[in-house]
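Okay, here's what each chain looks like letter by letter:
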Amino acid sequence: MADNGLTCSLKASYKDFTLDAQFSVQAGELACIIGPSGCGKSTTLQLIAGLFAQEGGSLLLNGQDIGQKPVHQRHIAMVFQDYALFPHMNVEQNIAYPLKIRKLSRAKRKERVARLLSLVALEGYQKRRSQELSGGERQRVALARALASDPQLLLLDEPLSALDAKLRKHLREEIRRIHDETGITTVYVTHDQEEALSIADRIIVMHAGRVMQEGKGEDIYHNPASLFVATFMGEGTTLPYSLIPKTLVNPGASDPFVFKPMEGKHTIFFRPEHVLVQDDKNLPLAEYLPHLSFKQAEVQSCEFQGDHYRLACSWEGHTILCHSSYRPRTPMVTLGVRINRIREYVDGESIAKRLLSPVGE
Amino acid sequence: MDTGNEQMRKANNLQYKRFYRMVPLPSVAVLLLLFFVPLFFTLSSAFITEEGLTFLRVLEVFTDSYTVKIMLFTLWQATLSTLFSLLVALPGAYLIATYSFRGKRLILALSAIPFVIPSILVVLGFVIFFGNNGFLNRMLMSLFNLSEPPLKILYSFKAIILAHTFYNFPIIMSLVSSYWEHLDGNCESASQTLGANKVQTFLRVTLPRLLPAIISAASLVFLFCFNSFAIILVLGGGPQYTTMEVEIYRQARMLGNSGAAAALSLFSILTTTLLLLWYNASQRRLARSETYQNSKRLLEKRPATLSGKLLALFYTVSSFLFILGPIASVVIRSFMASSSRSATESFSLKWYRQLLSLERATGHMGSALGALTNSTLIALLVALCTVPVALSMCIAIRRREGKQSFLELLGMLPMTVSSVIIGLGYYLISARLRGGLALSYTLVVLAHLVIAIPFVLRTILPEYRKIPLSYMHSSLTLGAGPVKTFLLIELPLLKGAMFTGAIFAFALSMGEFNATLTLANSSITTLPIVMYRLIGSYNFQGACALGTILIGVCTIVFIVSEFAKGGSYGR
Amino acid sequence: MKKHQFVCVMVAILTLIFPLFAKGSQEKPSELVVYAYDAFCGDWGPGPALVEEFEKQSGIKVNLVSAGDAVEMMTKVISEKENPWADVVIGITDDMAQKVYDAKLLDPYKSPMLETIPAFLQFDAQHRLLPFDYGNFAFVVDTERMSEKERPTSLASLTESKYKGKVILIDPRTSSVGLGLLLWTIEAFGEDNYLAWWKSMKENALTITDGWSSAYGLFTEGEAPLVLSYSTSPVYHVTYEDTTRYQTLLFSEGHSTTIEGVGLLASSKKKAEAKQFIDFLLSDAQLGIALANSMYPVNATIELPAAFDWAPKPQKSLSMSSEILAKNLDRWLTEWTQVMSR
């Protein structure tokens, strides 16, 4: 396996929860662990940090097995959800804490704190008490403190979850910038997929104590390995495979498609931005490649999102989500989605395309 | 492979756990030596007769209709006293938690005083203030020109309840109000926006949330009332009000029947331990039930409405009267002297002059100054020793959180056992250990330590439970080991609680009487001992003067602690 | 695993502690060891001055050990039977003596000083315990709150309804003075009638306190004009406060006497020195003891200061054999409690 970065295989069991996760993070990467609450992502962080005891597996950091080292000798820093700024210390003392532990001279500490504060854009905050800081400021101080310990690995446990939306966006850019400046291997836990997609080099999706998929954000978004990942990482519509004969349109080609149904629950999935909307029933769908067409879909709701409208339409008892650049003028619309935008799953697991066209994709 | 992993896991755990497991050992040793071993020997005599081992005596006590009757009365008076204390204390807790007003800190500081002065002084204070010839009655008699005292409060069941309420309501008030202050006020606002009026909000939202704090404070008070002795006999007016404690005393001291006394004690210790378990559970619930607010909620500057103002005023005045009346009587009495008893008494510094050796001392007054120095030294030592001991127990308890903490119960038990039984235990120690003055000092300090541990534990543990685990975890991930984390994070955060605990230990030690007398074989004279000697030799005013000094020292100490608390962070 | 370690540690601690408890006494053969109750030994008691004087006179070193209060001291002496330390024990009263007799701890000693002691004070015919001071239980009156003709003259007259709420009594279950009155009534009225007296006293008692201190405290605070105390109580007020406001009432039934005794332990290895000490206690030390303890000296040749004129001796001294007392005390206390708590 990789000599550089983090490679872990974690096992731990609790009263009604078992964790068994394997993944790796390259040196200098910013990886996000994402999953719904209760999926074990925070536990994973605590196992890596050594705050919880591991039951088995291995934990390699830059080629060293750290699985049996006590927390304070692992060189892993962690930013906690509640920031855990020590209330009896001011900002400077908080940041200097790991430096003091390592017995750095006072002058060096001062200089280092000043540098870290400018890194997190909080110059001159040395003497403030943690109670006087805003949420965003606390978060940055916690980050600076974690960085002060010169960690080989930085763990961030939902660092932005307590902040408001605008600040969150700003701070995640900041975190990315600071990461790029310091180059520290970072594992970032979040439950917000937008945050994960925007910040991470690598995304690890967890569910029920297991890693569901690991990879780049684009890969995971466009080729989700399972229905769970598909629906968790962004929106989409899930429909039964059996609808295909009824809705398939193949303009320009006479050859029929070959259907290869499989054992198990066979479903199709597509993203709302890949759905075309036509609100004039006298006009055809502007689509000339093979696609599925849902006629006479009723618009249930239409939300203005700024750059587009988000529609929820009802078609033969199924709900189909789609994005439209305009507000439909009639309640009944025709929807279409290209065959090559469709992903197929059997029992929730991704499969290669079964819907084959002799024309080819 | 598997075994390798298993070993690895253990190694990982032990890095911290060995350290924490060793921490409470000294405190356990002290408790064992000075409390559990003697208690065990004392209680074991319940099972040992001349014929050998028997359970008959214990069985007899538990089923005897007379003891059951006494037990029921003991429980009844303790329940009533607790209820009345709650009734008086809760409005006060509300005022203190909601408003900021002048005299608030003073009330809190004064509230601990009844707690540390010897019960005989409380009884005397009560008599001087509420008695037939007391201040209140004399005032009313001269005001309305009466020949008979109009207020016949004392020497009845009423008086027991009154005195217990006086003794205990301040404790409930300060415990509940400090919890209340930190409750998140948003729930109340939410309730009102949902259409509930103030009363409904209080009953349905605030009260249920306060309940753990109330239960915890009330069970503490119940324990004190349960073991009350002098107050019940003197102010109750006689043997129709007999509690378990009196019965234990009779068996142990008058009849020399330590077996029967031990059986009776076992009965009451079992009862109180059950209560303590409940108390403990409610304490833990308290720590878990609410996410404690880091900051006090914003206090309204002053009562806004007229009725609020009146309520605050009425409460402040009446609680001052209630707490201060009896205490002030003792203080005033100490400044009174007359050249002859038939002459009217007038203001005089006679007793204080004698105390400071400015005047030739009469009787025991001569040893008072030395006793004051002794008491202060011992109390300082006790305060310094109790805090680390209690702290070490807290650390161990915090690590085992979630499990029924045996250690926590261990530390609380000295509070439940009657002073007569503890006295017997100490007697056993002093009979076995013969030594010089140094040993006596050590034993006295250790005994005070055992007495103070439950209170200090009670002060530190809740604060400790409030420190989020993430602080400790954070420190560990930043490279500090468990010892450093403790010294740099936990210790500074507990500074306030430790200080308060030390103050409590100091005050308790200043007022302690029984253990000192038994263990020191009168080789050490402390302030309360001289006070009792003075009373024993008819000099009540001199005793009042010493009592005043005791009250003075405690007041200063408590006021300092209240102000120190106000300035601490993280609350 | 954890539990095992905990148990091991506990066992280790216990094994460390037990020898401490088992160690018991260390022999200090050079000194005469004298046990006395706590109040006797403190710098306020007669002990220190008396020991100093004796050491000067005789050249014998005395270790005065404060052994708790009188009950504790007795328990201590009895419990040390196997491993004795004391040579002399001071302060076992006549009413408690039976337990010590039963334990066969004391050697009889017919001191030459007994000649100076009136026969009624020599409570032990076998001279195992020799009296060294005595006192009477009595009611003390506040003369400012009760005029001469209102005052009771006997125990019986105390039950009259005019004294309703005017008497402070003490609980015999928790106080030796309280017990004194219980025995006094039994001595005065006999076993058949004492309960009747108590029954009619119930109304008159303002309160029944736990101990003498609180009773006398209530009394001097003016809560009631009559209190159960010692006949010597006014001496303090005369000596230190120069007032005769509080006076002892002499009752026609006579007064119960409490006599404090000194005994020589059979186990003593220094009997000659011990006897010398006891003789000293009964002669030269008498005045000091009487003043410090506020008791009467047993030695009839002692001249008391004028203040003792306010502690009149009763015409008739009542007492009870310690054997009868030991046999009946439990029953009497139970009967008393039943009557009083009804």
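Residues numbered from 1 in each chain as written. Chains lettered and ligands numbered in written order. Predicted model: local features only at pLDDT ≥ 70, side-chain atom pairs only at ≥ 80, totals over all residues. Heavy atoms only, no water.

Enquirer: Help me understand the overall build of chain C, please; the structure alone is not making it clear to me.
Expert: A tally of helices and strands in chain C yields 11 helices and 12 strands. Looking at chain C as a whole, 59% of its 342 residues are labelled buried. When contacts within chain C are restricted to residue pairs at least 6 apart in sequence, long-range pairs at least 24 apart make up 76% of them. As presented, chain C carries roughly 13900 Å² of accessible surface, and 54% of it is formed by carbon and sulfur atoms. (Helix = DSSP H or I, 4+ residues; strand = E, 2+ residues; numbered from the N terminus. Buried < 20%, exposed > 50% of the residue type's maximum accessible area, 1.4 Å probe, protein only. Contact = heavy atoms within 4.5 Å. Areas by Shrake-Rupley, 256 points an atom, 1.4 Å probe, with all protein chains shown as cover.)

Enquirer: Is there a simple way to think about the interface of chain B and chain A in this case?
Expert: When the parts of a complex come together, some accessible area is lost, and that lost area is often taken as the interface size. In this complex, chain B contributes 28 residues to the contact, which on the side of chain A involves 34 residues. Both sides together, the interface formed by chain B and chain A hides about 2700 Å², and carbon and sulfur atoms give 63% of it. Viewed at the interface, chain A and chain B are joined by 4 residue pairs in polar contact (both at pLDDT 80 or more). Within the side of chain B that touches chain A, the residues separate by chemical class into 13 nonpolar, 13 polar and 2 charged. (Buried area = accessible area lost by both parts, 1.4 Å probe. Polar contact = N/O pair within 3.5 Å; in protein donor to acceptor, adjacent residues only side chain to side chain. Nonpolar A, V, L, I, M, F, W, Y, C, P; charged D, E, K, R; others polar.)

Enquirer: Got a minute to help me understand the sheet that holds strand E3 (residues 30-34) of chain A in this structure?
Expert: What holds strands together in a sheet is hydrogen bonding between their backbones, with the strands either parallel or antiparallel. Residues and elements named next belong to chain A. Spatially, 6 strands are ordered E6-E7-E8-E3-E9-E10 in an open sheet, and the strand pairing comes out mixed. Taken across any chain shown, the strands that pair with only one partner, and hence form the sheet edges, are strand E6 (76-79) and strand E10 (210-215). Pairs of neighbouring strands in the sheet enclose a mean axial angle of 20°, with direction left out of account. The sheet contact formed by E6 and strand E7 (residues 153-157) spans 4 bridges and is parallel. When the sheet's bridge partners are listed, Met-78 is paired in E7 with Leu-155. In the packing of helix H1 (residues 41-49) onto the sheet, the strands contacted are E3, E6, E7, strand E8 (185-190) and strand E9 (202-207), and the crossing angle to E7 comes to about 150°. (Pairing = 2+ DSSP bridges. Axes fitted to C-alpha atoms, helices over the stretch in contact; angles between N-to-C directions.)

Enquirer: Can you help me understand helix H3 (residues 106-119) of chain A in this one?
Expert: Note: α-helices contain 3.6 residues per turn, so residues at a spacing of three or four share the same orientation. All names here are of chain A. With 14 residues, H3 extends 20 Å between its outermost C-alpha atoms, agreeing within 8% with the 20 Å of an ideal straight helix rising 1.5 Å per residue. Residues Arg-109, Arg-112, Val-113, Leu-116, Leu-117 and Leu-119 constitute the buried set of H3. Down the axis of H3, the sector holding all buried residues measures 150°, keeping them to one side. In the core, the buried residues of H3 are packed alongside helix H2 (91-101), helix H4 (135-148) and helix H5 (165-182). The positive-phi residue at the C-terminal boundary of H3 is Ala-121, with phi of around 60°. (Expected span 1.5 Å × (residues − 1). Arc of directions from axis to C-beta.)

Enquirer: Hey, could you run me through the sheet that holds strand E19 (residues 343-346) of chain A in this one?
Expert: Residues and elements named next belong to chain A. With respect to topology, 4 strands assemble into an open sheet ordered E11-E13-E19-E20, the strand pairing being antiparallel. Two strands in the sheet have a free side with no partner beyond their single neighbour: strand E11 (237-240) and strand E20 (349-350). With 4 bridges connecting them, strand E13 (residues 266-270) and E19 associate as antiparallel partners. Looking at E19, one finds that His-266 is bridged to Val-346.

Enquirer: Looking at this model, I keep getting lost on the confidence of the model for chain B. Mind explaining?
Expert: Should pLDDT be low for a region, the predicted coordinates there are not to be read in detail. Residues and elements named next belong to chain B. Residues with a pLDDT of 70 or more make up 81% of chain B, whose mean pLDDT is 76. Note that pLDDT drops below 50 for residues 292-296; the model gives that stretch 15 contacts with residues more than four away or on any other chain. Taken as a whole, residues 567-571 scores under 50 in pLDDT and shows 16 contacts with residues more than four places along the chain or in a different chain. (pLDDT = per-residue confidence, 0-100.)

Enquirer: What is the right way to look at the packing of aromatic side chains in this model?
Expert: Any aromatic ring pair is given by two values, namely how distant the centres are and how the planes are angled relative to each other. For the structure on display, the rule yields 37 aromatic pairs over all chains. On the basis of an interplanar angle of 35° and a centroid distance of 6.0 Å, the ring pair of C:Phe139 and C:Trp184 is categorised as tilted. Here C:Trp184 lies in helix H6 (residues 176-204) and C:Phe139 lies in strand E5 (residues 129-142), a separation of 45 residues in the sequence. The pair formed by C:Phe139 and C:Trp184 is uniform in burial state, with each residue classed as buried. Seen in terms of ring centroids, C:Phe219 and C:Tyr246 are 5.1 Å apart; in terms of plane orientation they differ by 55°. Their pairing is tilted. Within this pair, whereas C:Phe219 is found in helix H7 (residues 212-220), its partner C:Tyr246 is found in strand E9 (residues 246-249), the two being separated by 27 residues in sequence. A single burial state applies to C:Phe219 and to C:Tyr246, both of which are buried. Of the aromatic side chains, those joined through ring pairs into one cluster are B:Phe126, B:Phe129, B:Phe130, B:Phe135 and B:Phe166. (Phe/Tyr/Trp six-rings, centres within 6.5 Å; stacked < 30°, edge-to-face > 60°.)

Enquirer: Help me understand helix H9 (residues 157-181) of chain B in this model?
Expert: Residue and element names in this part refer to chain B. With 25 residues, H9 should reach 36 Å at 1.5 Å per residue; the first-to-last C-alpha distance of 35 Å fits that figure. Its maximal kink placed at Asn-168, H9 deviates by approximately 40°, while the proline Pro-170 follows within four residues. Within H9, 21 of the 25 residues are buried, which leaves it mostly tucked inside the rest of the structure. (Bend = angle between axes of the 7 residues up to and from the residue.)

Enquirer: What should I look at first to understand the pairing of E11(A) in this one?
Expert: Strand residues, when the strand is regular, have side chains that alternate between the two faces of the sheet. Residues and elements named next belong to chain A. Only one face of E11 is covered, namely the one carrying Thr-237 and Leu-239; the face carrying Thr-238 and Pro-240 has none of its residues buried. Here E11 pairs with E13 via 4 bridges, running antiparallel. What sits directly across from Thr-237, in E13, is Phe-270.

Enquirer: Explanation requested: a nonpolar patch on the surface in the structure shown.
Expert: All names here are of chain B. Together, Phe-135, Met-139, Leu-143, Phe-144 and Leu-146 line one region of the surface with nonpolar side chains, adding up to about 510 Å² of accessible area. Tracing the chain through its elements places Phe-135 in helix H8 (residues 135-144). For Phe-135, a relative accessible area of 45% corresponds to the partly exposed category. (Patch = residues over 30% accessible without salt bridge, like charges linked within 9 Å, V, L, I, M, F, W, Y side chains within 5 Å. Salt bridge = Lys/Arg side-chain N within 4 Å of Asp/Glu carboxyl O.)

Enquirer: Just to check I follow, could you spell out the environment of B:Ser81 for this structure?
Expert: Residues and elements named next belong to chain B. Of note, Ser-81 is situated in helix H4 (residues 65-98). Expressed as a C-alpha distance, the spacing of Ser-81 and Leu-162, which sit 81 residues apart in the sequence, is 7.8 Å. A distance of 3.0 Å separates the side chain of Ser-81 from the side chain of His-164, its partner in a polar contact.

Enquirer: Explanation requested: the nonpolar core in the structure shown.
Expert: Judged by nonpolar contacts, the single largest core of 262 residues is most densely connected at A:Leu6, B:Leu235 and C:Phe139. The dominant element in this core, judged by the number of residues it contributes, is helix H17 (residues 368-399) of chain B, at 15 residues. Once residues lying within four places of it in the same chain are set aside, the contact partners of A:Leu6 are A:Phe23, A:Ser24, A:Val25, A:Ile48, A:Leu59, A:Leu60, A:Leu61, A:Leu153 and A:Val187. Formed by 44 residues, the second largest nonpolar core is a distinct cluster that contains A:Leu119, A:Ala142, A:Tyr188 and A:Ile220. (Core = buried A, V, L, I, M, F, W, Y, C linked by side-chain atoms within 4.5 Å.)

Enquirer: Looking at this structure, how should I read the pairing of E3(A)?
Expert: All names here are of chain A. Within E3, 5 of the 5 residues are buried, which leaves the element mostly enclosed by the surrounding structure. By the alternation rule, side chains of E3 split into Leu-30, Cys-32 and Ile-34 and Ala-31 and Ile-33, which are all buried. Relative to E8, E3 runs parallel, the two being bridged by 5 bridges. Bridge pairing in E8 links Leu-30 to Thr-186. When E3 meets E9, the two strands line up parallel, connected through 4 bridges.

Enquirer: Even after reading the chapter, I still don't get the side chain of C:Arg151, so can you show me in this structure?
Expert: Residues and elements named next belong to chain C. With respect to the element layout, Arg-151 can be found in the loop between E5 and strand E6 (167-170). For the buried residue Arg-151, which engages in no salt bridge, the nearest side chain bearing the opposite charge is Glu-148, 4.1 Å off. Once you skip the residues sitting within four places of it in the chain, Arg-151 turns out to touch Val-141, Thr-143, Met-146, Tyr-163, Gln-247 and Leu-249. (Lys, Arg positive; Asp, Glu negative; His and termini not counted.)

Enquirer: Just checking my understanding: could you explain the pattern of salt bridges for this structure?
Expert: Should the charged atoms of two oppositely charged side chains come close, the side chains can pair. Going through the model one piece at a time under the given rule, you end up with 28 salt bridges over all chains. A:Glu303 is paired through a salt bridge with A:Arg310; the nearest N and O atoms lie 3.5 Å apart. Between C:Arg331 and C:Glu335 there is a salt bridge whose closest N-O contact spans 3.1 Å. Taken as a pair, C:Arg331 and C:Glu335 lie in helix H11 (residues 322-340) at a separation of 4 residues, close to a single helical turn. For C:Arg331, a relative accessible area of 34% corresponds to the partly exposed category. Within this structure, A:Arg140, A:Glu174, A:Arg177 and A:Glu181 form a network of salt bridges that share partners.

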